[in-house]
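Chain by chain, the residues run as shown.
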Amino acid sequence: MKPHRLSIEAFGPYADPVAIDFDELAAEGLFLIHGTTGAGKTFLLDALCFALYGEVSGDRSVKGLRSDHAPPGAVPRVSLEFSCGNARYRVERVPAHTAPKARGQGTTEKAPQAFLFRLDAEAPEQAVAAKTTEVTREVEHLVGLNAAQFRQVILLPQGRFAEVLRAKAEEREALLKTLFDTVIYERAGWWLEEQARTARNLALEQAREQEVLRRRAADAWDPHAPEPPEGVEAPPPPADQAGLEALVAGIAAVVQGTEAALGEAAASLLAAQTTLAALAAQADRWDRRAAASAQLGDLEAKRETVAEFRQKLSQAERAETLRPSLVAEQGARRSLALVEQGLQEQLRAAIQARAGARALPPSVQGLDLLALPSAEVLAAAGADLAARGAEVRELARKAEEAAQAGGAAAAASQRAREAEAGRATAVAQQERLAAEQERELVLLAKARSARDQLEGLQRAAREADGRAVAAEAIAPARERQHAAEVARNGADRDVNTAAAGLNELRRRQIEGMAARLAGGLAAGAPCPVCGSADHPAPARPSADAVDDGTIAAAERTLAAATQAAQAAAVALANAQAALGVVLEKAGDGVDPLAARQAAGTAAAAHQAAQSLAEGLPALEQQTTDREQQRQQLAKAIEAAATAIALENQAAAEASQRQRTLAEQVARELGEGLEPGAVLQAFGPLEAALKDLVAGAGAHTRATSELEQAARRLAQELAASPFATAEDAAAALQEESWRLKLVERIAAYEAAVIEQRNLLAAPDLADLPEARPDTAAAGEAVARLDGARTRAVERHSEARAAQREITRLTAEHRTGTTALAAKQERAERLSAVANRCQGKAAPYISLQRWVLSAYLADICGYANQRLTLMTSGRYQLRLTDEGGHGGRNAGLGLRVLDAYTGEEREVSSLSGGETFQASLALALGVADTVQAHAGGVPLEALFIDEGFGSLDPDNLQLAMDELDRLREGGRMIGLISHVSALRERIRGGIEVIAGDRGSTLRLSSSV
C-alpha cells in the first residue's frame, strides 16, 4: 500500500480543509512531520488510519473526532487516495458526529459513512463499496492487513512502536501469516493428519471386520460344537486364520454325521406310513356305513315334524286369498296412526315455536295446544299473528335504519382514522424531505464552492500545463545548449589553431628576414640593418622561407575562424538564455513525467470542479422542487386536519340518530328485544299453525279410509275357515317361505331314499363290528415323521453352518492381507503427519517451520541495520519459545549482547535500545516482504516519536540507516520534536497551531 493524497476537513484540530500530497514528499523518500506539542501531528496518522479502517491509530476514541474549531454545520471528513499494486483507489469516511437540525432548534446524531472508489485514468471512478463494514473489509483485502497489523508494520503509533518486537509468539505468528502466504503449509499439515486419521480408521475398521468374521464363524459353530466336560469352560472364539481352518474341519465331520442320521429316519417313516394307509382305508368304509345308519335314523325321527310342515303349508295357501283385504285394513290403520303421531309432533312444534317467540298477540298466547284446536280457532290465531308480524316488520325497518346510522358513524370514524394516518404519512414525508433537502444543501454548497473555484483552478491548470510544456522542453534546450557549447569549443579550437599557424609563419618569416635583406644588398651600399658597406657573408634564403602572400592567407584564415568563434559564442548565449527561460517556466517541476502528471491532476481537479459547477442549476432546481414538495405536504397536512374534524362531527351526528331510533324500537317492542329476532321467531310459529290446520284435515281422511277397509275385511272373513282377522294374518306366509318349505319336504324324502341305497352298497358289507384302530399307527407315523424332520433340520443347519464358516474363513483370509497393507500405510502416514504437525521430533509444525524461516530472514535483514545502529553490540535471535514441542515453538525473539556474549529478553532493552531494535525489525519486515513473492508490498512506513530516546551518536546511526532506505523507493514519514532531525531531513510537513485550529505547511527544506 502506498498513500498518494490525504485530505482532512473538520477533523480533530483541523477545522479548515487541509491536504497532504505524499507523492511530492516521496520524491525525497524521507520526510519529517514536526510542530509544537498538541498542534496535531499524531492526528495526521489518526486520519490516515481512520480513512482506511475507521479506527484511529493511537489510544483515542472514534467518538468526538469532529473538530471543535469547525463551524456548526461543517461535516468532518477524511479522504485518502492510495494505490495497491497497479490499481489506485480513493476511500472517504465521515465519522459519527452531532450536527444541528436542518429545521428548528436542537441537534441530531449522524451515523458514520464510508465510500470506496476505484480510480482509472481512462474511465470514470467506479464505486466499490458504500457501507462502513464493507469498505473496511475491502480495504483489508486490498492492503492485506487489518487495522492492528497495519499499526504493527506500516504505521507505528506513539507509545506502541515496540509492539512487533515485544509481541507474544502467537501474535507474531498471526502477523507473519498475514504477511506471508503460508496457508498451503498449514493445509498440507491438516490434509496429512486427516489422511493419517483416515488410514488408521480404515485399519481399525478392517481389524474390527476381521474380529467380526471370527465371531460370526464361532457363533455359526456353537450350535454344533460338542458339549465340554462338566466344569470345563467352552473354548474361546478363534483368534487367527488357523483357528478358523479348525472350525471348517469340525463342521465337515458334523455334516457327515447328520447326513447318515437323516437316511435312517427316512426309512423308518416310510414303513410306518405304509401300515397306516391300509388301516385308514378299512376305517373309512366302516365310518361311511356308520354315518349312513345314523343319518337314516335322524330322518325317521323328523317324520312327524315334516307332517306338521305340510299342515302349515295348506293353511298358508288358504289365507293367501284374504291377503289384499288384510293388507288394506292394516295399511289404513298404520296411516291413521302416522297422522295422529304427526299431529302430536306438530303440536309439540307449535308449543316449542310459541315458547321461543316474543311479543305475541293474546289470541296466540292463550291458544291451547295440548289437544288439536278447531280449524276456526287456528285460523283466527294465524290472522292475529300475521297482523303482529306486520307491526314488527315496521319496527325492524326502524332498527335497520338505526344500524345504518351506526354503520355511517363507524365509516366516518374510519375515514377520520384514515385521514389521521394520511396526515402522519405526510408528516413523515415532510421530515424525509427535510433530511433530503439538508443533504442537497450540502451538495449545493459544494457545487457553489466549485463554481467559485473554477477560475482559480482553470488558471492553475493552465499554469501546470505551461510548466509541463516547459519541463518537456528542458531536455531539447539542454541538448541545443550542449551542441552550442561543442560548436563554440570547436570554433575556439579553430581560432587557436589558426593563430598558432600564423605565429609559426611569422616566426619563420622573421627567421628568413636576413635572406630577404641580403637579396637587396648592393656592393658598396650600406646594410639597412648595420649600415656597413662591407658584406662579407650575405644570408641565403632557406627552403621553407615564408613570403608575404602566405602570411596574408594565414591572417585571412585566422579572421574567418575568429568570426566563426564569435558566432558560436552568440549561439551558445542564445541556447543558455532559452534553457534559462524554460527552467524558469518549469519552476520546481523539472521532471517532465511528474510535471505532466501534475498538469493532469490540475486539469482533473478543474474538470471535477467544472462537473460540480455544471450540476449547480440542477441542484438549485432540485432544491426548489423539494421546497415546493414540502409546501404541498404542508397543505396536505392542513387538509387532513380539516377532514378529521368533519368526519368526527359526522360520526357524532350518526351516533345520535342511531340512539334515537334504538330507543323508539325498545319503547314499542320491549326492552332487550330485537325486531329481526322477533320476526325470525314468528316464522316457525306461523308455519306450525299452518301445519296444524293441514294435519286436522289429514286426520279426518285417514279415519274414513280405516272404516271402509274394516267393513270389507269382515265380509271376506265370514266366507273363510278363519274366525278372526288375527287368525288369518297369523296363517299368512310369504311366497318364498312357502316355496322353501316345499323344497325342504322334497329334500327330506330324497335323503331317506339316498341313505337306504348307501346301506345296501356291496363295499359296506363284511365289515367288523368294531371300528379299526388307526390312532396308534398315526401316532407312530407322527413320531417317526418328527424324528425325520428333526434330522432334516439338523442336517440343513449343519450344511448352512458349513457354508457360512467356509465363506467367513475365506473372507478372513483375504482380509488378513488387506489389514497388513492398511496398517503399514497408516503407520507411514501417521509418522509424516506427526512430523508436519509438530507432534514428533523436532516438534515444530511445517507451517511454523516456514514462518520461522521467514522470521529468520526478517532477523537477518533487521540485524544488518541493528548492527550499524548499535555499533555492533546487539543482534536479534530466534528462540524456541513455548518449550519443547510448544504450540509457538520457533517464533520467539531474544537479543544477543556482544558486550556480554549472552542472550537476554527483549524486554530488558532500554528505551533507546528498544527503539533501535523495533525500527530495525520493522524495516526488516518490509525488506523480507519485498524479497519474497506473494507477500504484502510495504511501500510506506510512518514512525511517531521515539527518536528522542537516542543519544546524538545513535541518532546519527539511525538516520544513516533511514537515509539508505531512499535507494529502495520506500517512503518514510517521521514525527519528532528532535531538532537534529530537522537539520538532517530537508522535506516535510510543519503543523502550525492557531486559535481557529491547526494548519499545514509543506516545504522542501525544513
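Above: the structure in question.
Residues numbered from 1 in each chain as written. Predicted model: local features only at pLDDT ≥ 70, side-chain atom pairs only at ≥ 80, totals over all residues. Heavy atoms only, no water.

Even after reading the chapter, I still don't get the overall build of the protein, so can you show me in this structure?
For the protein, the count of helices and strands is 24 helices and 17 strands. Taking all 1006 residues of the protein together, 36% fall into the buried category. Contacts in the protein between residues at least 24 apart in sequence constitute 75% of all its contacts with a sequence separation of at least 6. Carbon together with sulfur atoms contributes 53% to the accessible area of the protein, which is approximately 55,500 Å² in total. (Helix = DSSP H or I, 4+ residues; strand = E, 2+ residues; numbered from the N terminus. Buried < 20%, exposed > 50% of the residue type's maximum accessible area, 1.4 Å probe, protein only. Contact = heavy atoms within 4.5 Å. Areas by Shrake-Rupley, 256 points an atom, 1.4 Å probe, with all protein chains shown as cover.)

What exactly am I supposed to notice about the environment of Ala403 here?
Locating Ala403 in the fold gives a position in helix α12 (residues 375–511). The partly exposed category is assigned to Ala403, whose relative accessible area is 44%. Ala403 sits 252 residues away from Ser655 along the chain, and the two C-alpha atoms are 9.7 Å apart.

For this particular structure, what's the right way to read the packing of helix α7 (residues 183–221) against helix α8 (residues 241–301)?
A pair of packed helices can be characterised by two numbers: the angle between their axes and the separation between those axes. It is the contact of α7 with α8, at a shortest axis distance of 11 Å, that shows an interaxial angle of 20°. The angle between α7 and α8 falls in the class roughly parallel. The two elements α7 and α8 cross, and the hand of that crossing is left-handed. Side by side, α7 and α8 meet where Arg214, Ala217, Ala218 and Trp221 of the first sit next to Leu244, Leu247, Gly250, Ile251 and Val254 of the second. (Axes fitted to C-alpha atoms, helices over the stretch in contact; angles between N-to-C directions. Parallel < 35°, antiparallel > 145°, perpendicular 65-115°, else oblique. Left-handed = near helix turned anticlockwise from the far one by under 90°.)

Help me out: how do you make sense of the sheet that holds strand β11 (residues 874–879) in this one?
Within a sheet, each strand pairs with its neighbour through backbone hydrogen bonds, oriented either parallel or antiparallel. A sheet is described by the order of its strands in space; here 3 strands give the open sequence β11-β12-β13, paired in antiparallel fashion. Each having just a single partner strand, β11 and β13 (902–905) make up the two edges of the open sheet. Put simply, the sheet's adjacent strands are angled 40° from each other on average, direction ignored. Across the sheet, helix α21 (residues 846–869) is in contact with β11 and β12 (892–897); its angle to β11 comes to roughly 170°. (Pairing = 2+ DSSP bridges.)

Which parts of the structure should I look at to understand the pairing of strand β14 (residues 940–944)?
Regular strands place their side chains on alternate faces of the sheet. Among the 5 residues of β14, 5 are classified as buried, and the element is accordingly described as predominantly covered. In β14, alternate side chains face the same way, and those of Ala940, Phe942 and Asp944 on one face and Leu941 and Ile943 on the other are all buried. Where β14 meets strand β15 (residues 971–975), 5 bridges bridge the pair, whose relative direction is parallel. Within the sheet, the bridge partner assigned to Ile943 lies in β15 and is Leu974.

Even after reading the chapter, I still don't get the nonpolar core, so can you show me in this structure?
Side chains that are nonpolar tend, in soluble globular proteins, to be buried together. Judged by nonpolar contacts, the single largest core of 90 residues is most densely connected at Leu52, Tyr53, Phe82 and Phe942. Counting residues per element, this core draws most heavily on helix α2 (residues 41–53), which supplies 10 residues. Discounting residues that sit within four places of it in the chain, Tyr53 has contacts with Arg93, Thr136, Val139, Glu140, Val143, Leu145, Asn146, Ala147 and Phe150. Counting 15 residues, the second largest nonpolar core, distinct from the first, contains Leu347, Leu369, Leu685 and Ala688. (Core = buried A, V, L, I, M, F, W, Y, C linked by side-chain atoms within 4.5 Å.)

Would you explain the pattern of salt bridges in this entry?
Any two side chains of opposite charge can pair if their charged atoms end up close together. Counted by the stated rule, this structure contains 23 salt bridges. Arg788 is paired through a salt bridge with Asp785; the nearest N and O atoms lie 3.9 Å apart. Taken as a pair, Arg788 and Asp785 lie in helix α20 (residues 775–836) at a separation of 3 residues, close to a single helical turn. Looking at Asp785, the relative accessible area reads 30%, which means it is partly exposed. One salt bridge connects Glu903 with Arg894, and the closest N-O pair in it is separated by 3.8 Å. Where salt bridges share partners, they join Arg216, Glu804, Arg807 and Glu811 into one cluster. (Salt bridge = Lys/Arg side-chain N within 4 Å of Asp/Glu carboxyl O.)

Honestly, the sheet that holds strand β5 (residues 87–94) in this entry has me stumped. Any pointers?
Taken together, the 6 strands give an open sheet; going across it, the order is β2-β1-β4-β5-β8-β9, and neighbouring strands pair in antiparallel fashion. The sheet is open, and its two edges are formed by β2 (18–21) and β9 (123–129), each paired on a single side. Sheet twist, expressed as the mean angle between neighbouring strand axes with direction ignored, is 20°. In the packing of helix α3 (residues 132–143) onto the sheet, contacts are made with β4 (77–84), β5, β8 (113–120) and β9, and the angle to β8 comes to roughly 45°.

Sorry if this is basic, but what is going on with a nonpolar patch on the surface here?
Together, Val183, Ile184 and Tyr185 give the surface a local cluster of nonpolar side chains, amounting to about 250 Å² of exposed area. Looking at the secondary structure, you find Val183 in helix α7. (Patch = residues over 30% accessible without salt bridge, like charges linked within 9 Å, V, L, I, M, F, W, Y side chains within 5 Å.)

It is not clear to me how the packing of aromatic side chains should be interpreted in this structure. Could you clarify?
The relative placement of two aromatic rings is captured by the distance of their centres and the angle of their planes. Enumeration according to the criterion identifies 7 aromatic pairs in this entry. Consider the rings of Phe11 and Phe43, whose centres lie 5.7 Å apart with planes at 80°: the pair is edge-to-face. A residue pair is termed long-range when its members are at least 10 positions apart, and Phe11 in the loop between β1 (2–9) and β2 and Phe43 in helix α2 qualify at 32 residues. The exposure classification of Phe11 matches that of Phe43, with both residues buried. Considering the side-chain rings of Phe115 and Phe117, the 6.5 Å spacing of their centres and the 20° angle between planes classify their relative orientation as stacked. Residue classification places Phe115 among the partly exposed positions, given a relative accessible area of 30%. Here a set of aromatic residues connected by ring pairs shows up, and it is made of Phe11, Phe43 and Phe50. (Phe/Tyr/Trp six-rings, centres within 6.5 Å; stacked < 30°, edge-to-face > 60°.)

I tried to follow unusual backbone geometry on my own but got confused; where do I start?
In terms of backbone geometry, most residues other than glycine have negative phi values and most peptide bonds are trans. Non-glycine residue Ala10 carries a positive phi angle of around 55°. The backbone of Ser871 sits at a positive phi, close to 55°, despite the residue not being glycine. Following the sequence through the fold, Ser871 ends up in the loop between α21 and β11.

Help me out: how do you make sense of α20 in this one?
Along an α-helix, a turn takes 3.6 residues, which lines up residues three or four apart on a common side. With 62 residues, α20 ought to run about 92 Å at 1.5 Å a step, and its terminal C-alpha atoms sit 86 Å apart, in line with that. One or two residues past the end of α20 sits Gly838, with phi positive at roughly 80°. (Expected span 1.5 Å × (residues − 1).)

Hey, could you run me through the environment of Gln346 in this one?
With respect to the helices, strands and loops of the structure, Gln346 is situated in helix α10 (residues 323–356). Here Gln346 falls in the partly exposed class, since its relative accessible area comes to 23%. Residues contacting Gln346, with those up to four places away along its chain left out, are Asp691, Leu692 and Gly695.

Any chance you could explain the side chain of Thr809 here in plain terms?
Within the secondary structure, Thr809 is located in helix α20. Residue Thr809 is classed as buried on the basis of its relative accessible area of 2%. Filtering out sequence-adjacent residues up to four positions away, Thr809 remains in contact with Gln241, Leu244, Glu245 and Val248.

Just checking my understanding: could you explain the side chain of Arg90 for this structure?
Of note, Arg90 is situated in strand β5. A polar contact is formed between the side chain of Arg90 and the side chain of Glu92, at a distance of 2.8 Å. Here the side chain of Arg90 touches Glu125 through a polar contact of 2.7 Å, side chain to side chain. When sequence neighbours within four positions are dropped, the list of residues in contact with Arg90 reads Ser79, Leu80, Glu81, Phe115, Leu116, Phe117, Leu119 and Glu125. (Polar contact = N/O pair within 3.5 Å; in protein donor to acceptor, adjacent residues only side chain to side chain.)

The analysis is restricted to geometry; functional conclusions fall outside its scope.
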